[in-house]
Amino acid sequence: MKKIKKTQINQLFEAVKNEYSVVAPVIKEGVISLDLITDISQIPSGFTEDEKGNSYKVAKSSDRFFSYSRPYLPFKRFIIPPEFVFMKVVKNDGRINFTEVIPDKKIALFDIRPCDLKALQILDDVFINKNSHPDSYYAKAREKLFIVAVTCFSPTENCFCSSMGISLKPEHGYDILITELKDSFLIRAGSEKGSKFLERIKAEEVSQTDLVEEEKTIKETEKKINKKVSTENLSQILYSQIDSKQWEKVGSKCLACTSCTQLCPTCFCFNIVEKNSTDGSYSERIRVYDSCFNPEFATVHRFNIRQSIASRYRQWLMHKFAYWTDQFGSYGCVGCGRCITWCPAGIDITEEIKKLREGYDNH
Amino acid sequence: MITTENPYRLRNFRVVKKIRETADTYSFWIESDLKPLPGQYNMIYYFGIGEAPITVAGKNGNLIQHTVRASGDVTSHIGSLSEEDFIYLRGPYGNIWPAEEAYGKQLVIISGGLGLAATKWIMEEAIKNKKQFKGILSLYGSKNYDSLLYRYEYERWHSHIDFRITLDKPDPRWKGDVGLITELIKKTEIDRDAVVFMCGPDPMVKFSVIELEKKGVGTDKIYVSMERHMKCSVGTCGHCMFGPFFVCKDGPVFRYSEIKEFFERKEV
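Cut-off values and rules
Residues numbered from 1 in each chain as written. Chains lettered and ligands numbered in written order. Predicted model: local features only at pLDDT ≥ 70, side-chain atom pairs only at ≥ 80, totals over all residues. Heavy atoms only, no water. Helix = DSSP H or I, 4+ residues; strand = E, 2+ residues; numbered from the N terminus. Rg over C-alpha atoms; globule rule 2.2 N^0.38 Å. Contact = heavy atoms within 4.5 Å. Areas by Shrake-Rupley, 256 points an atom, 1.4 Å probe, with all protein chains shown as cover. Lys, Arg positive; Asp, Glu negative; His and termini not counted. Charge placed at Lys NZ, Arg CZ, Asp CG, Glu CD. Core = buried A, V, L, I, M, F, W, Y, C linked by side-chain atoms within 4.5 Å. Buried < 20%, exposed > 50% of the residue type's maximum accessible area, 1.4 Å probe, protein only. Pairing = 2+ DSSP bridges. Axes fitted to C-alpha atoms, helices over the stretch in contact; angles between N-to-C directions. Buried area = accessible area lost by both parts, 1.4 Å probe. Salt bridge = Lys/Arg side-chain N within 4 Å of Asp/Glu carboxyl O. Polar contact = N/O pair within 3.5 Å; in protein donor to acceptor, adjacent residues only side chain to side chain. Nonpolar A, V, L, I, M, F, W, Y, C, P; charged D, E, K, R; others polar. Phe/Tyr/Trp six-rings, centres within 6.5 Å; stacked < 30°, edge-to-face > 60°. Parallel < 35°, antiparallel > 145°, perpendicular 65-115°, else oblique.

Colleague: An account of the overall build of chain A is needed here, citing residue identities and associated values.
Modeller: A count of helical and extended segments in chain A gives 11 helices and 15 strands. Its C-alpha radius of gyration of 22 Å places chain A within 12% of the 21 Å reference for a compact globule of 363 residues. Overall, chain A is about 65 × 65 × 40 Å in size when its C-alpha atoms are taken along their principal axes. Put simply, of all contacts in chain A between residues at least 6 apart along the chain, 71% involve residues at least 24 apart. Approximately 15,800 Å² of chain A is accessible, and the part contributed by carbon and sulfur atoms is 49%. Side chains of chain A give 52 positive and 48 negative charges; the mean places of these two sets differ by 1 Å.

Colleague: Describe the nonpolar core, naming the residues involved and giving the relevant values.
Modeller: With 126 residues, the main nonpolar core has Phe268, Tyr313, Phe321 and Ile349 of chain A together with Ile110 and Met198 of chain B as its most contacted residues. Non-local contacts of Tyr313 of chain A, meaning those with residues more than four positions away in its chain, are made with Trp247, Val250, Cys254, Phe293, Ile347, Ile349 and Glu352 of chain A. Judged by nonpolar contacts, the second largest core, of 31 residues, contains Val26, Tyr68, Ala108 and Phe197 of chain A.

Colleague: Outline the sheet that holds strand E3 (residues 41-46) of chain B, supporting the account with residue identities and numerical values.
Modeller: Sheet strands pair via backbone hydrogen bonds, and the direction of the pair is either parallel or antiparallel. Residues and elements named next belong to chain B. Strands sit in the order E1-E2-E5-E4-E3-E6 around a closed barrel of six strands; the barrel is antiparallel. Strand-to-strand twist in this sheet, taken as the mean axis angle between neighbours without regard to direction, amounts to 45 degrees. The pairing of strand E1 (residues 11-20) with strand E6 (residues 86-93) spans four bridges and is classified as antiparallel. Its bridge partner lying in E6, Arg14 is registered against Phe86. Its contacts with the sheet place helix H2 (residues 116-128) against strand E4 (50-60) and strand E5 (63-69), and it is angled at close to 25 degrees to E4.

Colleague: Please give an account of the pairing of E1 of chain B that cites residues and values.
Modeller: Residue and element names in this part refer to chain B. The pairing of E1 with strand E2 (residues 25-31) spans six bridges and is antiparallel. Bridge pairing links Val15 to Ile30 in E2. In this structure, the hairpin formed by E1 and E2 is closed by a connection of four residues.

Colleague: Now, about the interface of chain B and chain A: what can you tell me, with residues and values included?
Modeller: At the junction of the two partners, chain B supplies 42 residues and chain A supplies 56 residues. Between chain B and chain A, the buried area comes to about 4,200 Å², and carbon and sulfur atoms account for 56% of it. Here chain B and chain A share three salt bridges between them. Remark: the boundary between chain B and chain A carries 20 residue pairs in polar contact (both at pLDDT 80 or more). Those elements giving two or more residues to the side of chain B that touches chain A turn out to be E4, E6 and strand E14 (245-246) of chain B. When residues of the side of chain B that touches chain A are assigned to their parent elements, the largest contribution, three residues, is made by E6 of chain B. Along the lines of polarity and charge, the residues of the side of chain B that touches chain A split into 20 nonpolar, 13 polar and nine charged.

Colleague: For the pairing of strand E3 (residues 31-37) of chain A, give the residues involved together with the corresponding values.
Modeller: Residues and elements named next belong to chain A. Counting buried positions along E3 gives five out of seven residues, so the element sits mostly inside the fold. Where strand E2 (residues 21-28) meets E3, seven bridges bridge the pair, whose relative direction is antiparallel. The residue of E3 that forms the bridge with Val23 is Leu36. Counted along the chain from E2 to the antiparallel partner E3, the turn is two residues long, and its residue Glu29 has a positive phi close to 50 degrees.

Colleague: Now, about the pattern of salt bridges: what can you tell me, with residues and values included?
Modeller: Throughout the structure, instances matching the rule amount to 47 salt bridges over all chains. A salt bridge links Arg142 of chain A to Asp124 of chain A; its shortest N-O distance comes to 2.7 Å. Of this pair, Arg142 of chain A sits in helix H3 (residues 136-143) while Asp124 of chain A sits in helix H2 (residues 114-129), and the two are 18 residues apart along the sequence. For the salt bridge of Lys187 of chain B with Asp177 of chain B, the shortest nitrogen-to-oxygen distance reads 2.6 Å. Of the two residues, Lys187 of chain B sits in the loop between helix H4 (181-186) and strand E11 (195-199) while Asp177 of chain B sits in strand E10 (residues 177-178), which places them 10 residues apart along the sequence. Given a relative accessible area of 55%, Lys187 of chain B falls into the exposed group. Linked by salt bridges that have partners in common, Glu274 and Arg285 of chain A together with Glu51 and Arg90 of chain B make up one network.

Colleague: Quick rundown of the environment of Ala15 of chain A? Include the residues and the values.
Modeller: All names here are of chain A. Checked against the element boundaries, Ala15 lands in helix H1 (residues 9-19). Spatially, the C-alpha atom of Ala15 lies 23 Å from that of Cys152, the residues being 137 residues apart in sequence. Sequence-distant contacts of Ala15, that is, excluding residues within four places in its chain, are made with Phe197 and Arg200.

Colleague: Hey, could you go over the packing of aromatic side chains for me, with residue numbers and the actual values?
Modeller: Residue and element names in this part refer to chain A. A full pass over the atoms with the stated rule returns 43 aromatic pairs over all chains. Ring geometry for Phe293 versus Trp316: centroids 5.9 Å apart, planes at 55 degrees, classification tilted. With Phe293 in the loop between strand E13 (282-289) and strand E14 (299-300) and Trp316 in helix H9 (residues 309-328), this pair connects stretches of sequence that are 23 residues apart. On the basis of relative accessible area, Phe293 is assigned to the buried category, the value being 1%. On the accessibility criterion, Trp316 (4% relative accessible area) is buried. Ring centres of Tyr313 and Trp316 lie 5.9 Å apart, and the angle between their planes is 65 degrees; this geometry places the pair in the edge-to-face category.

Colleague: Before we move on, can you summarise the sheet that holds strand E11 (residues 184-189) of chain A with the specific residues and values?
Modeller: Residues and elements named next belong to chain A. Here we have seven strands laid out as an open sheet, ordered E1-E11-E10-E9-E8-E2-E3, and mixed in their pairing. Strands at the two margins of the open sheet, each flanked by one partner only, are strand E1 (2-5) and E3. The sheet shows a mean angle of 25 degrees between the axes of neighbouring strands, taken without regard to direction. Relative to E11, E1 is paired through four bridges, and the arrangement is antiparallel. Residue pairing for E11: Lys2 is matched across the bridge by Ile187. Running at roughly 140 degrees to E11, helix H4 (residues 192-199) makes contact with E1, strand E9 (145-150), strand E10 (176-180) and E11 of the sheet.

Colleague: Give me the packing of H9 of chain A against helix H11 (residues 349-361) of chain A: which residues, what numbers.
Modeller: Residue and element names in this part refer to chain A. Viewed as axis vectors pointing N to C, H9 and H11 meet at an angle of 85 degrees, and their least axial separation amounts to 12 Å. When the axis of H9 is compared with that of H11, the two are roughly perpendicular. Here H9 contributes Tyr313, Trp316, Leu317 and Phe321 to the contact with H11, which in turn contributes Ile349, Glu352, Ile353 and Leu356. Residues belonging to the contact of H9 with H11 are distributed by class as follows: seven nonpolar, no polar and one charged.

Colleague: Describe the side chain of Thr182 of chain B, listing the residues and the values that go with them.
Modeller: All names here are of chain B. When you line up the elements, Thr182 lands in helix H4. A residue is classified by how much of its surface remains accessible, and Thr182, at 11% relative accessible area, is buried. Contacts of Thr182, omitting those with residues within four sequence positions, involve Phe207, Ser208 and Glu211.

This is the structure in structure tokens:
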């Protein structure tokens, strides 16, 4: 662990930029978004989101460097993009040749918060660790990733990460972890790759006072997270509520717009489509984000198994909090709160779970 | 460093024989070094159109059989393939029929429509190992006379096992049973400790289970091969999700008692 001056963050950034394309939060069209950046000044320092229910405002109201919370877009799109060609197919003299497309970009995720870091580990389980046919595209992209995590001191009112078992300061899964103190940054390496970067930066020793300040800030920030999901026996309770009347109620509000699944950092479902040249000699196989809210999602022989929106909402919530535990041994939610902020119908997943739990308690 | 073979890699094989089973259904015998087991399926690709999961209907040496009904975009194109053409596929995927479960007991195979393609191979294997079972009963329900699959095999099957067919609709050319398969189950003697392998449309499965339960057959002795929307076949695209299961990799064969609570609910 080392300590650097606030002005030295640029050195760290430049060192990372020398080896990687850097993806970081930016302010774009009025929201904290995510994009490739080339200069540390593109980071929206000083901006803070005000998220209440499904309202969202950004204002410049802080003197901290990492003042904002997680970006509205999840990082998954820089590993598995919303749409990408995974195979090129050429037809020649009746024979077909396939070329597998392998991601070759070295990407650094600069300023990933603990919720999104955990989401990455969940996706690793889905695509690689707990899959008998590991996804080679994901594996390649993941292998080339460099991760700069940041201890989160700026949760929004919609964040409920702590109840999903996520600490503000991640323990592992990063190459470098930055913790912002009042006058400095604490920098920890979480991997050999990370250590090598730290060696290049002139740094100071960390004092006991710094660690006390860090601990104190974590404690104070924890108090700001008031939203929560009670996870005690949650999957069993949800299984018992599969016929709850609550699904109909939420289904009548939900627009099936797929906003939640697109912004969810763990939603992984995709479709495979073919794009062809007009002369019939060339075809691209494309993976494109899909959503369990789409009307064709569960179609067998032109019949959609989940006709009602209520059933699609049930599928989504049950997957996150019940099915996922059976499939991968964890919840499929990290409490980032994006689905609450960006739901045009104002549906709050924590409230839905509360109502389902009440239905169980009153039974 | 993670080294993984691309799960979407397709391989080409030669169609050596094409049989027209019905007006819209074809069997393809494909020369391949693949080693599928009864119950498993392959993803068959057609250039520019996409892939479809197709059960392996039979295997004979280095030949595997796929029976395809030309009903969707992909299957219609696959149906247009001819002998000597290349067919592109990946697999095999999914789990298998647990034949050993039925050793020493009556094996009952229930198939509806194209579901026979998913049960035919295990039936053939059971015939080869006839002595292992107390008896083999195979019930097959077809919508009408023209939809009957594998007609050229009936005589052979009849000579080995108790193979019965029922047609949903009467036909002047048909002298056998008429009525839904549930009616045929009703009037057929089935052991209480029989092991059942079943494949057919969801409603057929649901009502057949009810009839079997009336005969004392436990739902833990009934195995069903399910059909759901499958795109990736490796448990990542999410389309075939069915309760906590990915039909593509946890199935397609399920013990009914384990899926009952999801199967009997609408829109799961």
